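# Fold and geometry: a report
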Amino acid sequence: MSNVKIQQALANLFEKQRIVFWYDARHEFRADFESIELPGVEKVELANNEFGVKYRLLRQQPEQKFLLYRDGPEPAMLDNWLLDVQLASGSTFRTDQVALWLAELELGPDCYPLLEAHGTFFEAAKRREALKKLLASNDSQQALRQKMLAVCVGCEPRLDEMLEALLSDLASGTDARIKLVERSGLRGHFWEQVERSYGYASEQPGLQDFVIELFKTCFLSEVDVNFKPRLSSEVKVFIKRWKDSRSHTEAFEALSAQCAGILQIDDKLQSLDYRRLMTLDDFESIDRKILSDLVRDVVARTVSAQEVEQWVRQRRQGHWFGRFQDMYLAIEHGSQFIQQLELAQLGMDSLADGIQKYAQSWFRLDQRYRKFIHHAREAGQASLLLGLNHLVENLYTNNFLVRLNVRWQEHVDASQRWEAWPVVSQSQFFDSFVRPYLDRKGKVCVLISDAFRYEVGEELQSLIRRENRFDADLVPALAKLPSYTQLGMAALLPHKSLQLADNGSGEVLVDGQSATGSVNRARILAQAVPASTVVLAKDVLAMGRDESRALIRDHEVVYVYHNLIDKTGDTRDTEERVFGAAEETLDELLRVIKKLANANASNLLVTSDHGFIYQNHPLQDSDFVSREPEGSEILYTNRRFVLGRGLREGASFKTFQPAQLGLAGTLEVQIPKSINRLRLQGSGSRFVHGGATLQEVVIPVISINKKRESDVGQVKVELIGGGGKTITTGQLAVVLYQTEPVTEKLQPRRLRAGLYTLAGEPISDTHELTFDLASDNPRDRELAVRFILSRKADACNNQQVELRLEEPVDGTSHYTVYQSVRYTIRRSFTSEFDF
């Protein structure tokens, strides 16, 4: 030990003690003693002068600091005249390795036995350095051991964090950290802490044994009234924290799977009602059990759509929901579809009445079907959803699509002109929606998405209205017949006449000019509005800030063309992904709208050229017309319409003269009735358009404007009957109430709830809650939450604590207090029994 280190060690001791004894057992440090100089400290050598020294220490100089050096070992206790002084007010300075560590860590001599007992730990300089950063001046030896454990494990000196880290090692098959704990002599201390906190006791304690007991206790204590757990309820607080930890998710899932096999959880789940499992998420098998039984009950129609919606909301809080989200959503949309179809009245009095009823309610059935098929496809669980899939498909086709459009076809057949006043015709789009902005010297952007049918448009309207300072109004319009891209796109342009080209190309002429392609459409638009342009949606998204602002600044009218749904559905190899394309379209259109609004576009319109029909299951022969179209001249054939002259009437077709459709020229249009298709070599048949069904001809017109002031808020949440009460057990059950239903402008609120001391120390498990209830019934907006108190709550007996509702600060990992109420913990000794 060098002279410098000796001086440093002694200086540390004298900061805490007035008298320090130095026994030079090996006669090695006399020169160091004689040379050392410590400010304010008198050096005295003990050499048969103990009585005089004692008198000097206690009587003559009771405030002076003394370094008492003896050249030799410490005398036996009976021979040590200064033993009482040494025990009462002195420290012993040692010059061995342990003493060096004491000096380095600035610990008192009372810690010498502890460092000596855990020598392996202190041999590594990195561990000593890490420990020193954690030490506090008032640390007890228990706290010191706890911090040594933390250094071994590499985390904060909290037992739950150390357990999480060691269980991660167990999951990955590594044991370096637990081996270091054992080599450092801390094994006993570690398992004592586990027993004290969680009630785990074993003659041969181990991580594997503990984690099995952990999962066993948390699961069986909830489902088996006869189960007698070995662990305390504190483990429920731990396992919730563990499975909610992002950094330990993989470890939790791996050990959960292992323990599920060891505990034969699948067998135990067989006899349980899935309704009892809605709050449990310790094992992935629980979700599989719930999903399997829930599908069965939805198919059997023994549960309501409201019950399914409530259960799915409960499962959203569970650990495994992200893995099974598409399954849950498919079941929810499937059950909603079934219930809505049962309640639907599909009668109508006219074309206009049919369109209005479709736009008010019937579109929801197409929307639910689309959502069901999309999520079922994304889930990739065809076998599990087989029965529900067959049920929904059959109901959609036979009880909705066919039944609705057979009744609609009656009015189509009776119509002499293709119009449904007061519903706006697609031909009137420019004059009815675009020109009013120009008359007011305003500017407008028109987004036209190919095959963007009404129900998808309604979802876009809802998404837009959720955005701050955005408002959107939706009205239905009647698409031109036949409902295909060339005619629909032409009808949305300013025009006096529309004519189908009679060269068999399917092209459409606007005032005699071809409307095929964006170049031709830009030319036609510019003839009516010189300061106008046409651009593709993908090009808008690729524009920089200055370029997008110039686009709006320099033009009065901008037509933006988007094509994803039609492009996907019209190709046989990709038509089955059309509902996925609808989801992508919603995302892309929302981004285009925001981009244009940020470029100072305050008026935007979104519409479509036509809608579509899509049936996910393979079609039967009965879905096709029984005979081919006939006529003196057939110029163009599509899966849903024929263009020609002298077309023969037939029971399977409705034939229109061009004047009936508001078209110039001489080409007749023939359309298969209801949802029937024409066979067409090399093309798909499940995604079609061109006909006269409601799904094909009802298109959305969404008018969007951006406001100057914020208009979006969040729902409020209150605690029913809380505050000022006492907590007398190890649990607290509360009811939280969402005061208003969610709307587009009154959005969900996310909160974290937990019990805390007044100093902010958590004393229970925490719950991540989402308040997104849309029901008008106040009772449906109540949410029951149960908190399990941790052992830290014992220290708060007869004290006040807080139930805090905290909400996340956007873009950060921080939370701010939304609401808090106080309780008093008043627990008797009987409440210490956990079960």
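What counts as what
- All residue numbers refer to position in the chain's written sequence, counted from 1.
- Reporting in this predicted model follows two pLDDT cut-offs: at least 70 for local features of residues, and 80 or more for side-chain atom pairs to be given and counted; totals over whole chains, interfaces and linings ignore these cut-offs and use all residues.
- No hydrogens and no water enter the side-chain calculation; it runs on all heavy atoms of the structure.
- Runs of H or I in DSSP of at least four residues are treated as helices and runs of E of at least two as strands, each being numbered from the N terminus.
- We compute the radius of gyration over the C-alpha atoms and compare it with the globule rule, which gives 2.2 Å times the number of residues raised to the power 0.38.
- In this analysis, two residues are considered to be in contact whenever any of their non-hydrogen atoms come within 4.5 Å of each other.
- A positive count includes Lys and Arg, and a negative count includes Asp and Glu. His and the chain ends are not counted in either.
- To locate a charge, take NZ of a lysine, CZ of an arginine, CG of an aspartate or CD of a glutamate.
- A carboxyl oxygen of Asp or Glu within 4 Å of a side-chain nitrogen of Lys or Arg is what we treat as a salt bridge.
- The buried label applies to any residue whose accessible area, calculated with a 1.4 Å probe on protein chains only, is under 20% of its type's maximum; exposed applies above 50%, and partly exposed to all values in between.
- To qualify as a nonpolar core, a set must consist of buried Ala, Val, Leu, Ile, Met, Phe, Trp, Tyr and Cys residues joined through side-chain atoms within 4.5 Å.
- With axes taken as lines fitted to C-alpha atoms, and helix axes fitted only over the stretch in contact, angles between N-to-C directions fall between 0 and 180 degrees.
- For this classification, under 35 degrees means roughly parallel, over 145 means roughly antiparallel, 65 to 115 means roughly perpendicular, and everything else is oblique.
- Take the far helix as the reference: if the near one is turned anticlockwise from it by less than a right angle, the crossing is left-handed, and if turned clockwise, right-handed.
- Each residue is assigned to one class: nonpolar for Ala, Val, Leu, Ile, Met, Phe, Trp, Tyr, Cys and Pro, charged for Asp, Glu, Lys and Arg, and polar for all the others, Gly among them.
- We call a pair of cysteine sulfur atoms a disulfide when they lie within 2.5 Å.
- Only strands joined by at least two bridges in the DSSP assignment are considered to pair.
- A score between 0 and 100, pLDDT records how confident the predictor is in each residue.
- Think of it this way: a Phe, Tyr or Trp ring, Trp meaning its six-membered ring, pairs with another when their centres are within 6.5 Å, and the plane angle makes it stacked under 30 degrees, edge-to-face over 60, tilted otherwise.
- Ring-over charges, as used throughout, are those where CZ of Arg or NZ of Lys falls within 6 Å of the ring centre and within 35 degrees of the ring normal.
- Here the expected length of a helix is defined as 1.5 Å per residue gap, with one fewer gap than residues.

### So, the overall build of the chain
- Within the chain one finds 30 helices and 30 strands.
- Over its C-alpha trace the chain gives a radius of gyration of 39 Å, far above what one expects of a compact globule, namely 28 Å for 835 residues.
- The principal-axis extent of the C-alpha atoms belonging to the chain is close to 135 × 65 × 50 Å.
- The contacts of the chain with a sequence gap of at least 6 include a subset with a gap of at least 24, amounting to 71%.
- Across the chain, the mean location of the 103 positive side-chain charges is 2 Å away from that of the 116 negative side-chain charges.

### Description of the pattern of salt bridges
- Under the criterion given, the structure shown has 68 salt bridges.
- With its nearest N and O atoms 3.0 Å apart, the salt bridge here joins Glu806 to Arg752. On the criterion of sequence distance, the pair formed by Glu806 in strand S29 (residues 800-808) and Arg752 in strand S26 (residues 749-757) is long-range, its members being 54 residues apart.
- Glu806 gets classed as buried once you look at its relative accessible area, which sits at 7%.
- Taken together, the shared-partner salt bridges connect Asp273, Arg275, Lys289, Asp293, Arg296 and Asp297 into one network.

### Considering the nonpolar core
- Counting 204 residues, the largest nonpolar core has Tyr559 and Leu596 as its most contacted members.
- Sorting elements by how many residues they give to this core places helix H20 (residues 351-379) first, with 13 residues.
- When sequence neighbours within four positions are dropped, the list of residues in contact with Tyr559 reads Phe429, Phe430, Val434, Val446, Ile448, Leu492, Leu493, Leu525, Thr533, Val534 and Val535.
- Counting 25 residues, the second largest nonpolar core, distinct from the first, contains Val717, Leu789, Ala793 and Cys796.

### Things to note about the packing of helix H5 (residues 97-105) against helix H8 (residues 125-134)
- Across the interface, H5 lies against H8 with an axial gap of 10 Å and an inter-helix angle of 40°. In this view, H5 runs oblique relative to H8, as classed from their interaxial angle. With respect to the hand of their crossing, H5 and H8 are arranged in right-handed fashion. Residue-level inspection shows Trp101, Glu104 and Leu105 of H5 in contact with H8, the latter providing Arg128, Leu131 and Lys132.
- Across the contact of H5 with H8, the residue classes tally to 3 nonpolar, no polar and 3 charged.

### A few points about the state of the cysteines
- Under the counting rule described, the total for this entry stands at 0 disulfides.
- Not engaged in a disulfide, the cysteine Cys155 finds its nearest cysteine sulfur in Cys152; these two sulfurs lie 10 Å apart.

### Section: the sheet that holds strand S17 (residues 653-656)
- Strand order across the open sheet formed by 4 strands is S15-S16-S18-S17, with antiparallel pairing between neighbours. Strand pairing shows two members of the sheet lacking a second neighbour, strand S15 (631-637) and S17, which therefore form its edges. Strand-to-strand, the axes of this sheet are offset by a mean angle of 30°, without reference to chain direction.
- Where S15 meets strand S16 (residues 642-647), 5 bridges bridge the pair, whose relative direction is antiparallel. In the sheet register, Tyr636 faces S16, and the bridge partner there is Leu643.

### Quick look at the sheet that holds strand S24 (residues 731-738)
- Read from one edge of the open sheet, 3 strands run S22-S24-S28, paired in antiparallel fashion. Every other strand in the sheet has two partners, leaving strand S22 (717-719) and strand S28 (782-788) as the edge strands with one partner each. Taking the axes of each pair of neighbouring strands and ignoring which way they run, one obtains an average angle of 30° across the sheet.
- The pairing of S24 with S28 spans 7 bridges and is classified as antiparallel. Bridge pairing in S28 places Val735 opposite Ala784.

### Examining H5
- The complete set of buried residues in H5 reads Val98, Ala99, Trp101, Leu102, Ala103 and Leu105.
- Buried positions along H5 lie against helix H1 (3-14), helix H6 (112-117), helix H7 (119-122) and H8.
- Directly after H5, the chain includes Glu106, whose backbone phi takes a positive value near 60°.

### Description of the confidence of the model for the chain
- For the chain, per-residue confidence averages 93 on the pLDDT scale, and 98% of positions sit at 70 or higher.
- Long-range and interchain partners of residues 829-835, a stretch whose pLDDT sits below 50, account for 10 contacts in this model, where long-range means more than four residues apart.

### Some details on the packing of aromatic side chains
- Inspection of the entire model under this criterion finds 36 aromatic pairs.
- Centroid distance Phe337 to Tyr396: 6.1 Å. Interplanar angle 55°. Geometry classified as tilted. Here the residue Phe337 occupies a position in helix H19 (residues 321-343), and Tyr396 occupies one in helix H21 (residues 386-414), the gap between them amounting to 59 residues. The residues Phe337 and Tyr396 share a single accessibility class, namely buried.
- Ring pairing ties together the aromatic residues Phe190, Trp191, Tyr198, Tyr200, Phe210, Phe215, Phe219, Phe238, Trp242, Phe252, Phe283 and Trp320, which thus form one cluster.
- Directly above the aromatic system of Phe33 lies the positively charged group of Lys43, at a separation of 5.3 Å from the ring centroid.

### Brief notes about the environment of Glu709
- Tracing the backbone through its elements, the reader meets Glu709 in the loop between strand S20 (698-706) and strand S21 (713-714).
- Glu709 sits in the exposed class, given a relative accessible area of 64%.
- Sequence separation of Glu709 and Phe470 is 239 residues, and the distance between their C-alpha atoms is 9.5 Å.

### Side note on the environment of Phe579
- By the element assignment, Phe579 lies in helix H29 (residues 578-598).
- Through-space distance from the C-alpha of Phe579 to that of Lys371 is 7.7 Å; in sequence the pair is 208 residues apart.
- The contacts of Phe579, once residues within four sequence positions are left out, are Tyr369, Arg370, Ile373, His374, Arg453, Phe612 and Tyr614.

### Considerations on the side chain of Asn405
- Of note, Asn405 is situated in helix H21.
- Setting aside residues up to four positions removed in sequence, Asn405 forms contacts with Phe400, Ser674, Ile675, Thr693, Leu694 and Gln695.

### Re helix H15 (residues 249-262)
- Taking 1.5 Å of rise per residue, the 14 residues of H15 would be expected to cover 20 Å, and the 20 Å separating its terminal C-alpha atoms lies within 8% of that figure.
- Among all positions of H15, only Ala251, Phe252, Glu253, Leu255, Ser256, Cys259 and Ala260 are buried.
- Those residues of H15 that are buried are in contact with helix H10 (159-172), helix H13 (207-223), helix H14 (234-244), helix H16 (265-270), helix H17 (284-300) and H19.
- One or two steps after H15, the chain reaches Gln264, where phi turns positive at roughly 55°.

### Quick look at the pairing of strand S7 (residues 470-478)
- Counted residue by residue, S7 has 7 buried out of 9 residues, so it is predominantly covered.
- The sheet contact formed by strand S5 (residues 424-425) and S7 spans 2 bridges and is parallel. Within S7, the position partnered with Val424 by the bridge is Ala477.
- One ladder, built from 9 bridges, connects S7 with S20; its direction is antiparallel. Its bridge partner being in S20, Val475 is matched across the sheet by Val701.

### Observations regarding the packing of H19 against H20
- Running from N to C, H19 and H20 point in directions that differ by 155°, and their axes come no closer than 8 Å. Between H19 and H20, the angle is such that the two are roughly antiparallel. Every pair of crossing elements has a handedness; the one defined by H19 and H20 is left-handed. On the side of H19, the interface is formed by Asp326, Met327, Leu329, Ala330, His333, Gly334, Gln336, Phe337, Gln340 and Leu341, while H20 contributes Arg364, Leu365, Arg368, Tyr369, Lys371, Phe372, His375, Ala376, Glu378 and Ala379.
- The class makeup of the residues in the contact of H19 with H20 is 10 nonpolar, 5 polar and 5 charged.

### Points about the pairing of strand S1 (residues 19-23)
- Burial within S1 is extensive, with 5 of its 5 residues counted as buried.
- Residues Ile19, Phe21 and Tyr23 line one face of S1 and the alternating positions Val20 and Trp22 line the opposite face, and both faces are buried.
- As paired strands, S1 and strand S3 (residues 65-70) are joined by 5 bridges and run parallel to one another. Along S3, the bridge assignment pairs Trp22 with Tyr69.

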